[in-house]
Protein chains: 2
Amino acid sequence: MAKITELPLNEDGIATVLGVLKQQFGDRFQTGQSIREQHGHTTTWLTNQSPDGVVFARSKDEVTAIVNICATHKVPVIPYGTGTSLEGHVNAPAGGISVDVSQMNQILEVFSDDLSCIVQPGVTREQLNTYLRDQGLFFPIDPGANASLGGMTATNASGTNAVRYGTMKDNVLAVEAVMANGETIRTAQRAKKSSAGYDLTRLMVGSEGTLGLITQITLRLQGIPEAISSARCTFPTVDAACQTVMQVIQYGIPVARIELLDAVQVKACNAYSKMDMPEEPLLLLEFHGSDASVLEQAEMFGAIAEEHGGAGYTSTTSTEERNKLWQARHDAYWATLQLRPGAVGISTDVCVPISRLADCVSAAQAKLKDEGFISPIVGHVGDGNFHCLLLIDDKNPDEMERAGQFVSWLNELAISMDGTCTGEHGIGQGKMPYLSKELGQATVDVMGAIKMALDPDGIMNPGKVVAV
Amino acid sequence: MAKITELPLNEDGIATVLGVLKQQFGDRFQTGQSIREQHGHTTTWLTNQSPDGVVFARSKDEVTAIVNICATHKVPVIPYGTGTSLEGHVNAPAGGISVDVSQMNQILEVFSDDLSCIVQPGVTREQLNTYLRDQGLFFPIDPGANASLGGMTATNASGTNAVRYGTMKDNVLAVEAVMANGETIRTAQRAKKSSAGYDLTRLMVGSEGTLGLITQITLRLQGIPEAISSARCTFPTVDAACQTVMQVIQYGIPVARIELLDAVQVKACNAYSKMDMPEEPLLLLEFHGSDASVLEQAEMFGAIAEEHGGAGYTSTTSTEERNKLWQARHDAYWATLQLRPGAVGISTDVCVPISRLADCVSAAQAKLKDEGFISPIVGHVGDGNFHCLLLIDDKNPDEMERAGQFVSWLNELAISMDGTCTGEHGIGQGKMPYLSKELGQATVDVMGAIKMALDPDGIMNPGKVVAV
C-alpha cells in the first residue's frame, strides 16, 4: 500500500496563523478536534491527517486574505469542498489550514443563450442541476457523489456521462483562482475556444489545489435532450460485455452513458436497492437525442449486444424506471459496503485504451478471485475506465498489505497497456508512487518545476500530486 | 499595428552553433539566404525575421542533439512545420536555428480499435486523412491550410469542424516533446481520459514552440460518418445569419460545420471558384451522422433558417457537389487576395460567446465599411469565431497604420464582449500586446513564470507568446 507522506511541521508559523485567523474570522474559524478530523476525512483507506484549523470562507477576498496570512508564515493551505475525494486530497500531512468553500455556494450567472454559467466553488452539481432545470439546461458531469464543482474541477472529475460529454477538462471554460503569491488569475474569457497563450484553465483543472485555490468556475452547459431513454442488458461474461462496449464506441454510437456492473456488483445493488436484476454482468445505458435518434441508438446497441450474447435487453423512456435504475447505479458504492459490514472500501481507478478493456477487466476479475477478495467491479467502460472496490478489514495488516499489492499490480497492468493509474480520481497522496511509472521521471520533473515556479514555498496543498 | 520584438543577438553563440550543425548535419543544414527567408516567412503582414540556419531533422534523437547544441550556446531554437501560421510564429527575432520537421513525416501507428494514432510532427493533415481513408477513419481538425500536425498542435489550431469535433486541445491525447534541458517528456498515455497530475498535454498544445519541441503526437480519430450532407442558405443580413447560428447551437443540432461568408466573400469565391452563389450573406453547412440523422438535422436547420429570412436553402448528399462547395470555402483566402492584386492580407481572429456574435460581426462590418477597407468576413460561427481579411497595400504607411488600428479596435471589442483576440491562430508575435488586456497581467505573469521555469535561458522560440 502506498505510504502517506509525513512532512515536517512549521509549528511556530501554524501557531501564529491560528491566532490571526481566529481574530479575523471569529466563529467561522474552527479548531475543534471533530471538525478538524472531518476536514481531513477521506472516503477511503488513507490515514486521516487533520488540519490545524478550518476556516469557512465566503468570498474571493477572504480566500486571498487567508492565502496571504498563510504565505507570510509559510503555512499550508488546503481547499475543501464536500470531502468526497478518494486519494487523500484534503489530508494535511504538514498541518495547516483547511479552507472550506461550502459557503461560497452562489450560482453567479447563467448565460442561457451561450450555454454557460459562472459558479462559486462550493456549489454542488445537484444544486446546479436543480437550479438549471427550469431553463431546460443541465451540467453533464456526474461523478456519482454530490460533489462540489470546485472539488470536481480541482480533481478533473468525470463519471458516467463522460463517454459523451467529456470530463471536467472539456466542460470548464475558465477558472478564477488565488495563487500562492496572493494574486488572482482568471484563466480565460467566456468564448467557447481560444488560442490565447498557455492553457492555464486545463493546468488548474486537475491540479488538486496544489497550484492555487479556485474561487470561480465558468462551466459549459448542455440543453436537456428532447428524448432520453435508458436500457439494460445482461451478458454471459465481463469479456462479452466489454467486447460489446468496444464495438459501440467504434461504431460511433453517441451513447450518453454505458456502465458495466459485474455479477457481484449487480447482486449488491439488488440487495441494497430492492431490485431483481439477473445476477450476471450487466451493461446500463442511457441514450440522449431526438425521439428518432434515441430509438435508432437503442436499436443499434441491441444488434451489437445480441452478437455478443447479450440477453434480457430492455430499454425504456419512462423517467421513473430510468431514475430507479440510475439511482441503483449511484448507490453502488453504498450497496457494496453492505457486502461486508465494517470493512473499508479501497477503490481502484485505472483507465485503458478501449481495445485493452476486456483484457484488463478480465485479468482484474481473475486476480480478485484468486486472492479471495470481495470486490465488485463497476465502470465507465465507454472510456475504458473501471473501478474495483476492495472490501478490506483495515485492522488486519496482512489484508491491507495484500490489498495494496493488488492495487499496485492493477495500476502497473494498466500502465503496461498504455493506460493510466487514475482515470478520474486524481493522484492525491495515494497515487503518487505511480505517477513516474506512468509518465516517466522527466515528465514528473516538469510538473515539479511548474509547482516550484508557482508555489516556491510549497504552501498549496503540500504532499499531493508531486513532491518538491 | 503591433510592433515586432527586436531581441539582442548572441552572435558568438550563433557562429559556434552554425559550425557544429554544419559538421553534424552536412547538407541537411542550410544557411542560404532564400531558404532562411522562406523559414522566417509568414503568410501575413509581419516583417520577415530569418533564422541563421535551417536544419532538417529526421528523428527525436536529432532534435535532442540540436536542442542540446543550441542550449549549450544559448542560441534560439524555432520549430518549423509548413510555415502556414499567421502571427509570426516562425520568425527569428533573436536569430537562431529553425528546426524543419517536414522530414519527420511518418505515421507511426494507427490503433483503429481505439480510434487513435501516433504521428511525427511533420505529417500534414491531408497526408493523414489520405492514409486513414481506407480504414474508415478520419482526423477532423481542418484549419483550411494543409498544415503539419506538429504546427497545428503547437498553435492549437481548429477551423471548420471544431463546432462538432472541438479543437486540437480536444483531439490530442498526448505529445512527446524535447524540452529546453534536452530531456524528452511524454505527457500522457493513450487512454481516453486521465487525472494523472498536471495536464502537460494541453500545456504543450498551444505553447507555440516556446516550451519544447514536439516530436510525436497521439491523436484521437473519428469514424467516417455513415452519411454526410452539405447545405447552403442565403440571408438578408449577417445579423440574420448569426441569429440563425445562435439558435442552431442553442437547440443542440450537432452540425459538423457551420460557416459564414459575407457578401464580399461570396463575390470573391464566385469569381475565383467559378460559382454563381447569390452575392449575399451565406451559411455553408455540413451534417454528419446516420442517414436518418443527417436528414433530421437538415430539416431542423431549414426550419430555423426560414424564421430568420433564409432563402435558397439547398442540401445535398452528393460528394461531388459537397467537395465543390467546401473547396470554394477552403480557397476563400486565395479568392480574397484576388480582390486586390498585390495587397497583403491581414487576418483578424476574434472569438466571442455566441450570444454576442451577431453584434460583433455587425459592428466589424460597419466599421470596415466606414473605414473604406476591402475586407471580406468569413467565420467558424458555430464557435463564435470569425475572420476579417483586410487587403492592405503594405507600402502605404497610412493604410498600414489604419489597418493596425482596426485590428486593435476589433480585438478590444471582442475582449469587452468576454471574447478572445485569438480563437485559433495563436498569439505568436502579432497578438502579444493583447494578451494582458484579455487575461490580466497576473495571468500573463503565471505564463511567464512557467516559461522561465521550463526554459530559463529563453532559447525556445523566443519573442513569442510571453516576453520574459
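What counts as what
- Residues numbered from 1 in each chain as written.
- Chains lettered and ligands numbered in written order.
- Predicted model: local features only at pLDDT ≥ 70, side-chain atom pairs only at ≥ 80, totals over all residues.
- Heavy atoms only, no water.
- Contact = heavy atoms within 4.5 Å.
- Buried area = accessible area lost by both parts, 1.4 Å probe.
- Salt bridge = Lys/Arg side-chain N within 4 Å of Asp/Glu carboxyl O.
- Helix = DSSP H or I, 4+ residues; strand = E, 2+ residues; numbered from the N terminus.
- Least-squares fit on C-alpha atoms with pLDDT ≥ 70 in both.
- Axes fitted to C-alpha atoms, helices over the stretch in contact; angles between N-to-C directions.
- Parallel < 35°, antiparallel > 145°, perpendicular 65-115°, else oblique.
- Nonpolar A, V, L, I, M, F, W, Y, C, P; charged D, E, K, R; others polar.
- Pairing = 2+ DSSP bridges.
- Buried < 20%, exposed > 50% of the residue type's maximum accessible area, 1.4 Å probe, protein only.
- Phe/Tyr/Trp six-rings, centres within 6.5 Å; stacked < 30°, edge-to-face > 60°.
- Lys NZ or Arg CZ within 6 Å of the ring centre and 35° of its normal.
- Domains from an automatic or database assignment.

**Q** Where do I start with the interface of chain B and chain A in this structure?
**A** How big an interface is tends to be reported as the loss of accessible area on association of its parts. Residue-level contacts link 78 residues of chain B with 78 residues of chain A. Interface area lost by chain B to chain A is led by Lys193, Ser195 and Tyr198 of chain B, which between them contribute 16%. Joining chain B to chain A, the criterion identifies twelve salt bridges. One salt bridge connects Asp418 of chain A with Arg190 of chain B, and the closest N-O pair in it is separated by 3.3 Å.

**Q** How should I be thinking about the environment of Leu389 of chain B in this particular structure?
**A** Residue and element names in this part refer to chain B. Mapped onto the fold, Leu389 is located in strand S18 (residues 385–392). In this structure the C-alpha to C-alpha distance between Leu389 and Ile377, which are twelve residues apart in sequence, comes to 6.6 Å. Setting aside residues up to four positions removed in sequence, Leu389 forms contacts with Tyr333, Thr336, Gly345, Ile346, Ser347, Ile374, Ser375 and Pro376.

**Q** I would appreciate a short explanation of the relation of the copies chain B and chain A in the present structure.
**A** Both copies of the chain are related by one operation, a rotation about an axis with a shift along it. Of the two same-sequence chains, chain B is brought onto chain A (RMSD 0.0 Å, axial shift 0.0 Å) by a rotation of 180 degrees. One copy is carried onto the other by what is essentially a two-fold rotation axis. Mapped onto chain A, 100% of the interface residues of chain B again fall at the interface, so both copies present the same surface.

**Q** Just checking my understanding: could you explain the packing of helix H16 (residues 432–439) of chain B against helix H17 (residues 441–454) of chain B for this structure?
**A** Relative orientation and spacing of two packed helices are given, respectively, by the angle between their axes and the distance between those axes. Residue and element names in this part refer to chain B. One way to put it is that H16 packs onto H17 with a least axis distance of 6 Å and a crossing angle of 120 degrees. On the basis of their axis angle, the class for H16 and H17 is oblique. Where H16 approaches H17, its residues Leu435, Ser436 and Leu439 are matched on the opposing element by Gln441, Thr443, Val444 and Met447. Per-class residue counts for the contact of H16 with H17 are four nonpolar, three polar and no charged.

**Q** Which parts of the structure should I look at to understand the sheet that holds strand S16 (residues 344–347) of chain B?
**A** Within a beta sheet, neighbouring strands are joined by backbone hydrogen bonds and run either parallel or antiparallel to one another. Residue and element names in this part refer to chain B. The sheet built from seven strands is open, its strands ordered S15-S12-S14-S13-S17-S18-S16 with antiparallel pairing. Every other strand in the sheet has two partners, leaving strand S15 (311–316) and S16 as the edge strands with one partner each. Between one strand axis and the next, the sheet turns by 15 degrees as a mean value, whatever way the strands run. Of the strand pairs in this sheet, strand S13 (residues 257–261) and strand S17 (residues 377–380) are connected by two bridges, and their pairing is antiparallel.

**Q** What exactly am I supposed to notice about the pairing of strand S14 (residues 282–289) of chain B here?
**A** Every regular strand shows the same layout, with side chains that alternate between the two sheet faces. Residue and element names in this part refer to chain B. In terms of burial, S14 is a largely internal element, eight of the eight residues being buried. Taking every second residue as pointing to the same face, both faces of S14 are buried, with Leu282, Leu284, Glu286 and His288 on one and Leu283, Leu285, Phe287 and Gly289 on the other. Bridge count between strand S12 (residues 227–234) and S14: eight bridges; the pairing is antiparallel. Among the inter-strand pairings, Thr234 is bridged to a residue of S14, identified as Leu282. Direction of pairing for S13 relative to S14: antiparallel, over a ladder of five bridges. Its bridge partner lying in S14, Glu259 is registered against Leu284.

**Q** Sorry, what's going on with the packing of aromatic side chains here?
**A** The geometry of an aromatic ring pair is captured by the separation of the ring centres together with the interplanar angle, meaning the angle of the planes. All chains considered together, the criterion is met by twelve aromatic pairs over all chains. Consider the rings of Phe301 of chain B and Tyr313 of chain B, whose centres lie 5.3 Å apart with planes at 55 degrees: the pair is tilted. Placement of Phe301 of chain B in helix H11 (residues 291–307) and of Tyr313 of chain B in strand S15 is noted, with a sequence separation of twelve residues between them. Accessibility expressed as a relative area gives 28% for Tyr313 of chain B, which makes it partly exposed. Sitting over the face of the ring of Trp326 of chain A, Arg257 of chain A holds its NZ or CZ atom 4.4 Å from the ring centroid.

**Q** Help me understand the sheet that holds strand S12 (residues 227–234) of chain A, please; the structure alone is not making it clear to me.
**A** Residue and element names in this part refer to chain A. Here we have seven strands laid out as an open sheet, ordered S15-S12-S14-S13-S17-S18-S16, and antiparallel in their pairing. A single partner strand is all that each edge strand has here, and the edge strands are strand S15 (311–316) and strand S16 (344–347). Here the average twist between neighbouring strands, direction ignored, is 15 degrees. Here four bridges tie S12 to S15, and the two strands are oriented antiparallel to one another. Residue pairing in the sheet places Thr234 in a bridge with Ala311 of S15. The strands touched by helix H14 (residues 357–371) within the sheet are strand S13 (257–261), strand S17 (377–380) and strand S18 (385–392), with S18 carrying the most contacts at an inclination of about 10 degrees. Along the sheet, helix H15 (residues 397–416) contacts S16 and S18; its crossing angle with S18, the most-contacted strand, is approximately 170 degrees.

**Q** What am I meant to see in the pattern of salt bridges here?
**A** When charged atoms on two side chains of opposite charge get close, those side chains can pair. Enumeration over the complete set of coordinates arrives at 48 salt bridges over all chains. The partner of Lys451 of chain B in a salt bridge is Asp455 of chain B, with the nearest N and O atoms 2.7 Å apart. We note that Lys451 of chain B, like Asp455 of chain B, is buried. Look at the salt bridges and you will find they share partners, linking Arg125, Glu126, Asp142, Arg257, Glu286 and Arg322 of chain A into a network.

**Q** Even after reading the chapter, I still don't get the domain arrangement of chain A, so can you show me in this structure?
**A** All names here are of chain A. Here the domain parsing of chain A yields domain 1 (11–102), domain 2 (107–223), domain 3 (227–332) and domain 4 (336–431). Here the C-alpha centre of domain 4 lies 30 Å away from the C-alpha centre of domain 1. Counting from both sides, the interface comprises eleven residues of domain 1 and, opposite them, eleven residues of domain 4. For the pair domain 1 and domain 4, the two sides together bury roughly 820 Å², of which 53% comes from carbon and sulfur. Among the residues of domain 1 in contact with domain 4, Trp45, Leu86 and Glu87 are the three that bury the most area, contributing 64% of the side total.

**Q** Explain the pairing of strand S10 (residues 212–220) of chain B to me, please; I cannot follow it from the model alone.
**A** Residue and element names in this part refer to chain B. Counting buried positions over the nine residues of S10 gives eight, a clear majority of the element. The pairing of strand S6 (residues 116–119) with S10 spans four bridges and is antiparallel. Across the sheet, the residue bridging to Cys117 is Leu219, located in S10. In the sheet, strand S8 (residues 172–179) pairs with S10 via seven bridges, with the strands oriented antiparallel. Its bridge partner being in S10, Ala177 is matched across the sheet by Ile214.

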